[in-house]
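Secondary and tertiary structure notes
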Amino acid sequence: MIEMQNLTFGYSGGDPLLVDMSLSLQPGSFHFLTGPSGSGKTTFLRLCYADLLPSSGRMTAFGEDVTALSRDGIAALRRRVGVVHQDTQFLDHMPVAENVALPLIVAGEPVEMPALGDLLNWVQLAPLSRSLPPSLSGGERQRAALARAVVMSPDLIIADEPTGNLDWDMSMRLLQLLVELNHSGKSVLFATHDMHLIRAAKQHVQARVLRIAGKRLQLAGADL
Ligand SMILES: Nc1ncnc2c1ncn2[C@@H]1O[C@H](COP(=O)(O)OP(=O)(O)OP(=O)(O)O)[C@@H](O)[C@H]1O
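Described below are features of the structure shown in this document. (Residues numbered from 1 in each chain as written. Predicted model: local features only at pLDDT ≥ 70, side-chain atom pairs only at ≥ 80, totals over all residues. Heavy atoms only, no water.)

Time to look at the pattern of salt bridges. Throughout the structure, instances matching the rule amount to 7 salt bridges. A salt bridge links Asp51 to Arg78, with the nearest nitrogen and oxygen atoms 4.0 Å apart. With a gap of 27 residues between them, Asp51 in the loop between α1 (41–48) and β4 (56–61) and Arg78 in helix α2 (residues 71–79) connect regions that are remote in the sequence. A relative accessible area of 34% means that Asp51 is categorised as partly exposed. We classify Arg78 as partly exposed; its relative accessible area is 35%. (Salt bridge = Lys/Arg side-chain N within 4 Å of Asp/Glu carboxyl O. Helix = DSSP H or I, 4+ residues; strand = E, 2+ residues; numbered from the N terminus. Buried < 20%, exposed > 50% of the residue type's maximum accessible area, 1.4 Å probe, protein only.)

Taken together, Tyr11, Leu17, Pro36, Ser37, Gly38, Ser39, Gly40, Lys41, Thr42, Thr43, Gln86 and His193 form the complete shell of residues around the ligand. The contact in question runs from an oxygen atom of the ligand to an N or O atom on the side chain of Ser37, over 2.6 Å. Within the backbone of Thr42, a nitrogen or oxygen atom sits 2.9 Å from an oxygen atom of the ligand. Look at the ligand: alone it shows 640 Å² of surface, and the protein chains cover 57% of it. Across the shell around the ligand, the residue classes tally to 3 nonpolar, 8 polar and 1 charged. (Near = heavy atom within 4 Å. Polar contact = N/O pair within 3.5 Å; in protein donor to acceptor, adjacent residues only side chain to side chain. Areas by Shrake-Rupley, 256 points an atom, 1.4 Å probe, with all protein chains shown as cover. Nonpolar A, V, L, I, M, F, W, Y, C, P; charged D, E, K, R; others polar.)

Taking strand neighbours across the sheet as the criterion, the 4 strands line up as β2-β1-β4-β5 in an open arrangement whose pairing is antiparallel. Strand pairing shows two members of the sheet lacking a second neighbour, β2 (18–25) and β5 (64–65), which therefore form its edges. In terms of strand pairing, strand β1 (residues 2–9) meets β4 through 5 bridges, oriented antiparallel. What sits directly across from Ile2, in β4, is Ala61. (Pairing = 2+ DSSP bridges.)

Let's shift gears to the packing of aromatic side chains. Taken as a whole and judged by the stated rule, the model has 3 aromatic pairs. Residues Phe9 and Tyr11 carry aromatic rings whose centres are separated by 4.9 Å and whose planes lie at 85° to one another, so their mutual orientation is edge-to-face. Residue classification places Tyr11 among the partly exposed positions, given a relative accessible area of 38%. Aromatic side chains Phe32 and Phe190 sit 5.2 Å apart centroid to centroid with 50° between the ring planes, which places their arrangement in the tilted category. Placement of the pair is Phe32 in strand β3 (residues 30–34) and Phe190 in strand β8 (residues 187–191), with a sequence separation of 158 residues. Both residues of the pair, Phe32 and Phe190, belong to the buried class. Taken together, the ring pairs connect Phe30, Phe32 and Phe190 into an aromatic cluster. Taking NZ or CZ as reference, Arg80 lies 4.1 Å from the ring centre of Phe62, over its face. (Phe/Tyr/Trp six-rings, centres within 6.5 Å; stacked < 30°, edge-to-face > 60°. Lys NZ or Arg CZ within 6 Å of the ring centre and 35° of its normal.)

Let us look at the nonpolar core. Formed by 40 residues in total, the largest nonpolar core has its most connected members in Phe30, Phe32, Leu146, Leu175, Leu178 and Phe190. Two domains share this core, each providing at least three of its residues, namely domain 1 (1–80 + 155–224) and domain 2 (92–153). Setting aside residues up to four positions removed in sequence, Phe190 forms contacts with Phe30, His31, Phe32, Leu33, Ala159, Pro162, Thr163, Leu175, Leu178 and Leu197. Listed in part, the 33 residues of the second largest apolar core include Met1, Leu7, Met59 and Ala191. (Core = buried A, V, L, I, M, F, W, Y, C linked by side-chain atoms within 4.5 Å. Domains from an automatic or database assignment. Contact = heavy atoms within 4.5 Å.)

Another aspect to go through is the sheet that holds strand β9 (residues 207–213). Across the sheet, 6 strands lie side by side as β6-β7-β8-β3-β9-β10; this open sheet has mixed pairing. Lying at the two open borders of the sheet, with one neighbouring strand each, are β6 (81–84) and β10 (216–219). Taken over all neighbouring pairs, the strand axes of this sheet differ in orientation by 20° on average, direction set aside. Contacts between helix α5 (residues 138–150) and the sheet are confined to β6 and β7 (156–160), with β6 contributing the most and set at about 165° to the helix. (Axes fitted to C-alpha atoms, helices over the stretch in contact; angles between N-to-C directions.)

Here you go:
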């Protein structure tokens, strides 16, 4: 679904931050993305959903060359990729349920109440569906962000350090939700520093580990 060949990226004409990256992200796969702080994980994820475009090299997303996408093409791509951002942002004056449904509302699609209720149940936020985002805990915010990321039924879910501020139990709960999504056929790309989490995940899902080191993307061996 995402194919990169010899991709290089640098911010606004500066020195390349990421060089010569090649990757084939298959449907139904689960990848962790790791690497030191500042190595370019968020940048790499932004390239994957065409929020940034490569400086050179070739990249296709769902068979389309990302550098040739029209505005509508980019919008269509974004609908197929659900993103959980590092810093979850919500509209604080809107209840959780409306925040989760927002991508549907923005896209002019109907909000089916039973489906939205099921989604909130799945992330165990149904009792808080009328609460306002500032009253949520860190784990509840991340679960709401995950629900919002999957409300459009994307094929690929990208999560950027979603467990960064969570304790172990809450991290495992979020991981379990991503594993369930993967078992239902979705591809998952999950950036994290947490090697304990990666080790724990490997008992539940067949995951590969991508690592950014020295500006390059490596597919790590099975010993991680
Ligand atoms: N919009 C931008 N313009 C210029 N430089 C940027 C921009 N965004 C990020 N950078 C720089 O690119 C480098 C990589 O940043 P990025 O956020 O991708 O790393 P990261 O691996 O996700 O880091 P962390 O683990 O700390 O979140 C950093 O040096 C950062 O300062």
